[in-house]
Amino acid sequence: MSGPVGVLAMSYGTAAGPEDVERYYTDIRGGRPPSPEALAELLARYEAIGNRFPLTEITLAQARGLEEELARAEPGGFRVYVGMKHSPPFIRDAVARMRADGILRAVGLVLAPHYSRLSVGTYVERVRAALAESPGGPQFTFVESWYGHPPFVEFLASRVAEALARLPEEARGRSVVVFTAHSLPARILDEGDPYPRQLEETAALVSARLGLAHVRTAWQSAGRTPEPWLGPDLGEVIEEAAAQGYRGVVVCPCGFVADHLEVLYDLDIEAAGVARAAGLAFVRTESPNAHPAFVRALAGVVLAHLGRIPAEARP
Ligand code: FEC
């Protein structure tokens, strides 16, 4: 008997409150403290969203939902752990807990649907580093990407349909749907990284399900560093849509699965402001958070990864 399979659900992590933002930002920057100006600018963005830091709570709720769904599929078969990249519970602590609990076999699942070496790859590196710290940890395999998992595509399609219905009627017939993910340094293009292609595929899969004709992809939340980041930026795409005569825009941030700064500020405040200035109606799809259909989709991702959903029964 090898005991339950450990599932390590991983997310970015957020600060515990305004007083924790400097620590958090320093961690994101690999241990280099930010300049006072950069810190003040980040604090101002959190303040603009009401000093809310919901990501940790949402990740924990997603993990609880995932554990319940997996228990329904296979009672006693799984134990779900949470590890975050930049905040407690850190990935290395979660791996240590799995080791202490005697977990022998584990699946690493990053709560971001698309693979890049600079996104999902950095979570995997942290797990491997934690395993290397001491012997006897679980044997891990990793879900590299899950954007194409049919129940997830179905879930996104339902969110886009619902968002389109929220556009004012006069804008709906002349609107464009923009699928976004977090920008990354453009040097990933030289490495043949699959990230840009996976965003395009997500847009194509959802559009095909809904029969959408006016669709774009764009990058959001590019870092404030001197090197070039992937484009086009969402703001440019919104302005271009206005110039082309569109009346409304629906933004589906399909690279994220929770409400957090990059959604609540970069979209609901910044991108909405660009749309307003350009004369476009703006709506954003609701985040998956811990919606039951979304956590069911995540459970399906884990079961399919382990080959526990027979091919003919896959959605
Ligand atoms: O609500 C919150 O507090 C957390 C919001 C948050 C999420 C998130 C997701 C991703 N990031 C990714 C890549 C980078 C790269 C850099 C970078 C910098 C920041 C900063 C903040 C921040 N990120 Fe983030 N990210 C979130 C928050 N991110 C704050 C620092 C200030 C700024 O630039 O805005 C550049 C690092 C550097 O400076 O060296 C690269 C990627 C994701 C999506 C995948 C995932 O969720 O892991 C990729 C949520």
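Before reading on, note that the structure itself is shown above.
Below you will find a few notes about this structure.

Conventions adopted
- Residues numbered from 1 in each chain as written.
- Predicted model: local features only at pLDDT ≥ 70, side-chain atom pairs only at ≥ 80, totals over all residues.
- Heavy atoms only, no water.
- Helix = DSSP H or I, 4+ residues; strand = E, 2+ residues; numbered from the N terminus.
- Rg over C-alpha atoms; globule rule 2.2 N^0.38 Å.
- Buried < 20%, exposed > 50% of the residue type's maximum accessible area, 1.4 Å probe, protein only.
- Contact = heavy atoms within 4.5 Å.
- Areas by Shrake-Rupley, 256 points an atom, 1.4 Å probe, with all protein chains shown as cover.
- Lys, Arg positive; Asp, Glu negative; His and termini not counted.
- Charge placed at Lys NZ, Arg CZ, Asp CG, Glu CD.
- Near = heavy atom within 4 Å.
- Polar contact = N/O pair within 3.5 Å; in protein donor to acceptor, adjacent residues only side chain to side chain.
- Nonpolar A, V, L, I, M, F, W, Y, C, P; charged D, E, K, R; others polar.
- Pairing = 2+ DSSP bridges.
- Expected span 1.5 Å × (residues − 1).
- Core = buried A, V, L, I, M, F, W, Y, C linked by side-chain atoms within 4.5 Å.
- Donors = N, O, S within 2.8 Å, 3.2 Å for Na, K, Ca; no water.
- Axes fitted to C-alpha atoms, helices over the stretch in contact; angles between N-to-C directions.
- Phe/Tyr/Trp six-rings, centres within 6.5 Å; stacked < 30°, edge-to-face > 60°.
- Lys NZ or Arg CZ within 6 Å of the ring centre and 35° of its normal.

1. Brief notes about the overall build of the protein
Broken down by element type, the protein carries 12 helices and eight strands. Computed over the C-alpha atoms, the radius of gyration of the protein is 20 Å, within 12% of the 20 Å expected from 2.2 N^0.38 for a compact globule of 315 residues. Along the three orthogonal principal directions, the C-alpha set of the protein runs to about 65 × 55 × 40 Å. Taking all 315 residues of the protein together, 51% fall into the buried category. In the protein, the proportion of contacts linking residues at least 24 apart, taken out of those at least 6 apart, comes to 78%. For the protein, the computed accessible surface area is about 14000 Å², with 53% contributed by carbon and sulfur atoms. Between the mean site of the 31 positive side-chain charges and the mean site of the 38 negative ones, the protein shows a separation of 4 Å.

2. Remarks on the site of the ligand
In the vicinity of the ligand, 20 residues are found, and the nearest of them are Tyr 12, Thr 14, Tyr 46, Tyr 123 and Leu 261. A distance of 2.4 Å is found between an oxygen atom of the ligand and a side-chain nitrogen or oxygen belonging to Tyr 46. Within the side chain of Tyr 123, a nitrogen or oxygen atom sits 2.5 Å from an oxygen atom of the ligand. Those elements that place two or more of their residues in the shell around the ligand are helix H1 (21–28), helix H2 (36–48) and helix H10 (261–264). Among the residues making up the shell around the ligand, the classes are represented as 11 nonpolar, six polar and three charged.

3. What about the pairing of strand S1 (residues 5–11)?
Extensive coverage of S1 is indicated by the burial of seven of its seven residues. Burial along S1 is two-sided: the face carrying Val 5, Val 7, Ala 9 and Ser 11 and the face carrying Gly 6, Leu 8 and Met 10 are both buried. Relative to strand S2 (residues 78–84), S1 is paired through seven bridges, and the arrangement is parallel. Looking across to S2, one finds that Val 5 is bridged to Phe 78. Of the strand pairs in this sheet, S1 and strand S3 (residues 105–110) are connected by five bridges, and their pairing is parallel. Looking across to S3, one finds that Gly 6 is bridged to Ala 106.

4. Some points on helix H6 (residues 150–166)
Compared with an ideal rise of 1.5 Å per residue, which puts 17 residues at 24 Å, H6 spans 25 Å between its outermost C-alpha atoms and is within 8% of the ideal. What H6 keeps buried is the set Phe 152, Val 153, Phe 155, Leu 156, Ala 157, Arg 159, Val 160, Ala 163 and Leu 164. Looking at the packing, one finds that the buried side of H6 touches helix H7 (169–172), strand S5 (175–182), helix H8 (195–210), strand S7 (248–252), strand S8 (281–284) and helix H12 (292–305).

5. Let's talk about the nonpolar core
Within the largest apolar cluster, 51 residues are counted, with the highest numbers of intra-cluster contacts made by Leu 66, Leu 70, Phe 78, Leu 109, Trp 146, Phe 179 and Val 302. The element contributing the most residues to this core is H6, with eight residues. With residues near it in sequence (within four places) discarded, Phe 179 still touches Val 160, Leu 199, Ala 203, Val 206, Ser 207, Val 215, Arg 216, Thr 217, Ala 218, Cys 252 and Cys 254. Judged by nonpolar contacts, the second largest core, of 19 residues, contains Ile 91, Ala 106, Ala 112 and Phe 142.

6. Let's talk about the coordination of the iron atom of the ligand
Counting protein donors around the iron atom of the ligand gives one, Tyr 12 (OH), at 2.3 Å. With respect to the helices and strands, the residue Tyr 12 is situated in the loop between S1 and H1.

7. A short note on H8
Three- or four-residue spacings in an α-helix give side chains the same orientation, since the helix completes a turn every 3.6 residues. Compared with an ideal rise of 1.5 Å per residue, which puts 16 residues at 22 Å, H8 spans 23 Å between its outermost C-alpha atoms and is within 8% of the ideal. Burial in H8 covers these residues: Tyr 195, Pro 196, Gln 198, Leu 199, Thr 202, Ala 203, Val 206 and Ser 207. Of the surrounding elements, those touching the buried residues of H8 are H6, S5 and strand S6 (215–220). Once H8 ends, the next one or two residues include Gly 211, with phi positive near 65 degrees.

8. Here we look at the sheet that holds S3
Strand order in the open sheet formed by four strands is S2-S1-S3-S4, with parallel pairing between adjacent strands. Strand pairing shows two members of the sheet lacking a second neighbour, S2 and strand S4 (139–143), which therefore form its edges. Across this sheet, the average inter-strand angle for adjacent strands is 25 degrees, counted without regard to direction. Across the face of the sheet, helix H3 (residues 55–73) comes into contact with S1, S2 and S3 while running at roughly 165 degrees to S2. In the packing of helix H4 (residues 91–100) onto the sheet, contacts are made with S1, S2, S3 and S4, and the angle to S2 comes to roughly 155 degrees.

9. Structural notes on the packing of aromatic side chains
The final tally for this structure, using the stated rule, is seven aromatic pairs. Grouped by ring-pair contacts, the aromatic residues Trp 146, Phe 152, Phe 155 and Phe 294 constitute a single cluster. Its end group placed over the ring of Phe 90, Arg 92 keeps NZ or CZ at 5.0 Å from the ring centre.

Keep in mind that these numbers describe shape and distance, not what the molecule does.
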